[in-house]
Protein chains: 2
Amino acid sequence: MANISEIARLAGVSVTTVSRVLNNYKYVSETKRSKVQKVIEELNYTPNKNAIDLIRGETKMIGVIIPYNNNQAFDQMLHGILNQSTVYNYSVTVLPTKYDNKKEMEYLTMLKNKFLDSLIITSRSNDWEKIVPYTKYGSIISCEYTTAEEVGCAYIDRYASYVDTFQMLKKKGYTNIAITTARANESLSTRQTIQAYHKVIGKLPPHLHISGCYRLEDGYRAAHEFLQLNDRPHAIYANGDEVAGGIYNYAQSVGVKIPDELAIVGQENQPIGIALDLSTVNHRLMKVGEQAFQLAIQKSQAKVNVPYEIIQRSSI
Amino acid sequence: MANISEIARLAGVSVTTVSRVLNNYKYVSETKRSKVQKVIEELNYTPNKNAIDLIRGETKMIGVIIPYNNNQAFDQMLHGILNQSTVYNYSVTVLPTKYDNKKEMEYLTMLKNKFLDSLIITSRSNDWEKIVPYTKYGSIISCEYTTAEEVGCAYIDRYASYVDTFQMLKKKGYTNIAITTARANESLSTRQTIQAYHKVIGKLPPHLHISGCYRLEDGYRAAHEFLQLNDRPHAIYANGDEVAGGIYNYAQSVGVKIPDELAIVGQENQPIGIALDLSTVNHRLMKVGEQAFQLAIQKSQAKVNVPYEIIQRSSI
DNA sequence: CTGAAAGCGCTAACAG
DNA sequence: CTGTTAGCGCTTTCAG
């Protein structure tokens, strides 16, 4: 394909001049400018992005690390990022890790090899000490709070949100409260959920916690297990609305009345929760994504707190 | 940051040798190889991807055009693509158009400027004549059927699926059938839905078609309108399970019995439909995405049909 | 206002 | 097995 020197030759000018009209420089005579433009049109020429990125040392490309690429929560953050990216003319590449440490490090390398200008981490598996050194190569933004000062964050105060939720449940008179989580103790959110439980309710009996919950079927499974306990829970705080929906469905199928016999609270205010009229905690993940994007392009190290909201519906 | 010639200098070899160890060439003496590797470690060196892409003329980057970045259907295809991309070591960049013709053309240019190796189009707004010329610069794969032979397709036979659905509805005895769609006549699926309706049911009265339906609230709105008609529909074929869920919810809220007074069929077999036990047509969009990815990396122009499946639940 | 020339960081003939 | 050299396609001094 045609390149800049061919354009220059055909237009009878230097490559510099061509580069100048390409980049809308002022000091180019109208004669030459139009001549160059004409040749560009004729040859249907488009400058090579790789060459430009190489020389500029900048790509306008931002990477988004997500553990799972089919999870409502991470999708929401991704959508927030995508919304902003189009208005600021950035490209976004999606980097799924499945919480594989090595994969995650490969993605961090993309910052170092100049492929990415910045990286947004929605959830990570490597320790921060492993990640922080890469801030030298580009800005890194986290969607979970971290004390690492080189890393900007757009975060929700999950601990506070969990405390609030348990307090609400307690105030409503629910005593035997169960929880579901995605990953087990390797996950910060899970640890925070349990901490909040300790603080508000007391010790969490192991049989009232089921992890490995991601989607509807997991909710079914969890409800099935919870409901066959001798002292079955009066309320379940699920780690997402889809899981909560599964719990609801299972409970219905075995004739357990919601909320009289079982209260349910989900998270993230998803359509399924709206449809089933489930109470939920909206962590405004899309807003988190939008904020993260802003921090990324500003190469900011600020810690921005995104407020959450408890939405009460009839499942409680 | 360090570059290849610095490594060469420090290791006391030529850049070629460094390049060779970087790319695992055979003919490098163990002595030099380890020496080079040592320097690379010491300097914490990573080769610049832009330089490599520039010289290779290939980026292992594939773009995915989606109209909306928060739509269940397009998300599913994206997830299929993402699933494959990690196993084949490709990167994926998401390109949201909002059906803006100009934006879409900008994305096509990314093929031409060597940023993208190939492009998957989940839904387009420009005419194929505008798009096809870009196949010269990289492979273009469509997730909707097209006769353009330069373009590979991973598609579902939507027309057949719509015909099947209407026939099922007819056989069940439903007579007054309404539909919802996303875009109006500018969309191929909408036109195909209407065609299928014509074929199976007959002329589609305008008041039995509501477009602009994307999510739960739109389903509410549509149901509200449909149910206040004098001859209100006995069945609604919605263009997605979320919309179907909204219809269901609204019907429930006004005491309309499902399916006795109103039958509902959705599309895409989403969690919300499972939870509400809504019948649906599963177009296996994730599989479509996976297929599209395969065609993309094989630069294939094949037309691959992905079979759909009608799932009957209690809403019909 | 214009152009020559020196790179950006890497790969790949080609000639040993 | 190794190094020299010529690019990939563009931007940007620098000197007119």
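Up top is the structure these notes are about.
Residues numbered from 1 in each chain as written. Chains lettered and ligands numbered in written order. Predicted model: local features only at pLDDT ≥ 70, side-chain atom pairs only at ≥ 80, totals over all residues. Heavy atoms only, no water.

Near DNA strand C there are 26 residues, and of these Arg-20, Ser-29 and Ile-55 of chain A together with Ile-4 and Tyr-45 of chain B occur at the shortest range. The protein-proximal atoms of DNA strand C, defined as those within 4 Å of the protein, are 59% sugar or phosphate. Between DNA strand C and Thr-16 of chain B, the relevant distance is 3.1 Å, taken from a base nitrogen to a side-chain nitrogen or oxygen of the residue. Of all elements in the fold, only helix 2 (15-22) and helix 4 (49-56) of chain A together with helix 2 (15-22) and helix 4 (49-56) of chain B reach the threshold of two or more residues within the surface near DNA strand C. When residues of the surface near DNA strand C are assigned to their parent elements, the largest contribution, five residues, is made by helix 4 of chain B. (Near = heavy atom within 4 Å. Polar contact = N/O pair within 3.5 Å; in protein donor to acceptor, adjacent residues only side chain to side chain. Helix = DSSP H or I, 4+ residues; strand = E, 2+ residues; numbered from the N terminus.)

This part covers the packing of helix 2 of chain B against helix 3 (residues 30-43) of chain B. All names here are of chain B. Direction vectors running N to C along helix 2 and helix 3 enclose 85°, while the axes themselves pass 10 Å from each other. The angle between helix 2 and helix 3 places the two elements in the roughly perpendicular class. Residue-level contacts link Thr-17, Val-18, Val-21 and Leu-22 of helix 2 to Lys-32, Arg-33, Val-36, Gln-37 and Ile-40 of helix 3. Residue composition of the contact of helix 2 with helix 3, grouped by class: five nonpolar, two polar and two charged. (Axes fitted to C-alpha atoms, helices over the stretch in contact; angles between N-to-C directions. Parallel < 35°, antiparallel > 145°, perpendicular 65-115°, else oblique. Contact = heavy atoms within 4.5 Å. Nonpolar A, V, L, I, M, F, W, Y, C, P; charged D, E, K, R; others polar.)

Scanning the entire structure with this criterion turns up one cavity of 30 Å³ or more. Each pocket or cavity is described by its volume, and for the largest cavity that value is around 40 Å³. In this structure, the largest cavity is lined by Gln-72, Gln-270, Pro-271 and Ile-272 of chain A together with Gln-72, Gln-270, Pro-271 and Ile-272 of chain B. Looking at the lining of the largest cavity, the elements with two or more residues in it are helix 12 (271-276) of chain A together with helix 12 (271-276) of chain B. Of the residues belonging to the lining of the largest cavity, the class tally is four nonpolar, four polar and no charged. (1 Å grid on protein atoms, 1.4 Å probe; cavity = no way out; pocket = protein on both sides within 12 Å on 5 of 7 lines; lining within 4 Å. Points joined across faces, edges and corners; volume = space filled by probe spheres on them.)

Moving on, we come to the sheet that holds strand 9 (residues 263-267) of chain B. Residue and element names in this part refer to chain B. Spatially, the six strands line up as an open sheet ordered 7-6-8-9-10-12, and their pairing is mixed. Two strands lie at the open edges of the sheet, namely strand 7 (209-210) and strand 12 (309-311), each paired on one side alone. By the bridge criterion, three bridges tie strand 9 to strand 10 (residues 279-282) in an arrangement that is parallel. Among the inter-strand pairings, Gly-266 is bridged to a residue of strand 10, identified as Thr-280. Across the face of the sheet, helix 9 (residues 188-200) comes into contact with strand 6 (177-180) and strand 7 while running at roughly 170° to strand 6. Across the face of the sheet, helix 11 (residues 241-253) comes into contact with strand 6, strand 8 (235-237), strand 9 and strand 10 while running at roughly 155° to strand 9. (Pairing = 2+ DSSP bridges.)

Time to look at the interface of chain A and chain B. Residue-level contacts link 45 residues of chain A with 45 residues of chain B. Across the chain A/chain B interface, buried area totals approximately 4,000 Å², and carbon plus sulfur atoms make up 57% of it. Our enumeration of links across chain A and chain B arrives at zero salt bridges. If you look at where chain A meets chain B, you find 20 residue pairs in polar contact (both at pLDDT 80 or more). Contributing elements (two or more residues each) for the side of chain A that touches chain B: helix 4, helix 5 (72-87), strand 2 (91-96), helix 6 (101-112), helix 11 (241-253) and helix 12 of chain A. A class-by-class count of the residues in the side of chain A that touches chain B yields 20 nonpolar, 17 polar and eight charged. (Buried area = accessible area lost by both parts, 1.4 Å probe. Salt bridge = Lys/Arg side-chain N within 4 Å of Asp/Glu carboxyl O.)

In this section: the protein's contact with DNA strand D. Taken together, 24 residues lie near DNA strand D, and Ile-4 and Tyr-45 of chain A together with Thr-16, Ser-29 and Ile-55 of chain B sit nearest. Each atom of DNA strand D within 4 Å of the protein was assigned to sugar, phosphate or base; sugar and phosphate come to 61%. Within the side chain of Ser-19 of chain A, a nitrogen or oxygen atom sits 2.9 Å from a phosphate oxygen of DNA strand D. In this structure, Lys-32 of chain B approaches DNA strand D through a side-chain N or O atom, which is 3.1 Å from a phosphate oxygen. Where the surface near DNA strand D is concerned, the elements lending two or more residues are helix 2 and helix 4 of chain A together with helix 2 and helix 4 of chain B.

Here we come to the pairing of strand 6 of chain B. Residue and element names in this part refer to chain B. The two faces of strand 6 match: Ile-177 and Ile-179 on one face and Ala-178 and Thr-180 on the other face are all buried. Pairing geometry for strand 6 and strand 8, over three bridges, is parallel. Directly across from Ile-179, in strand 8, lies its bridge partner Tyr-237. Pairing between strand 6 and strand 7: two bridges, direction parallel. Looking at strand 7, one finds that Ile-179 is bridged to His-209. Read as a crossover between parallel neighbours, the route from strand 6 over helix 9 to strand 7 is right-handed. (Buried < 20%, exposed > 50% of the residue type's maximum accessible area, 1.4 Å probe, protein only. Right-handed = clockwise from strand over helix to strand, strands pointing away.)

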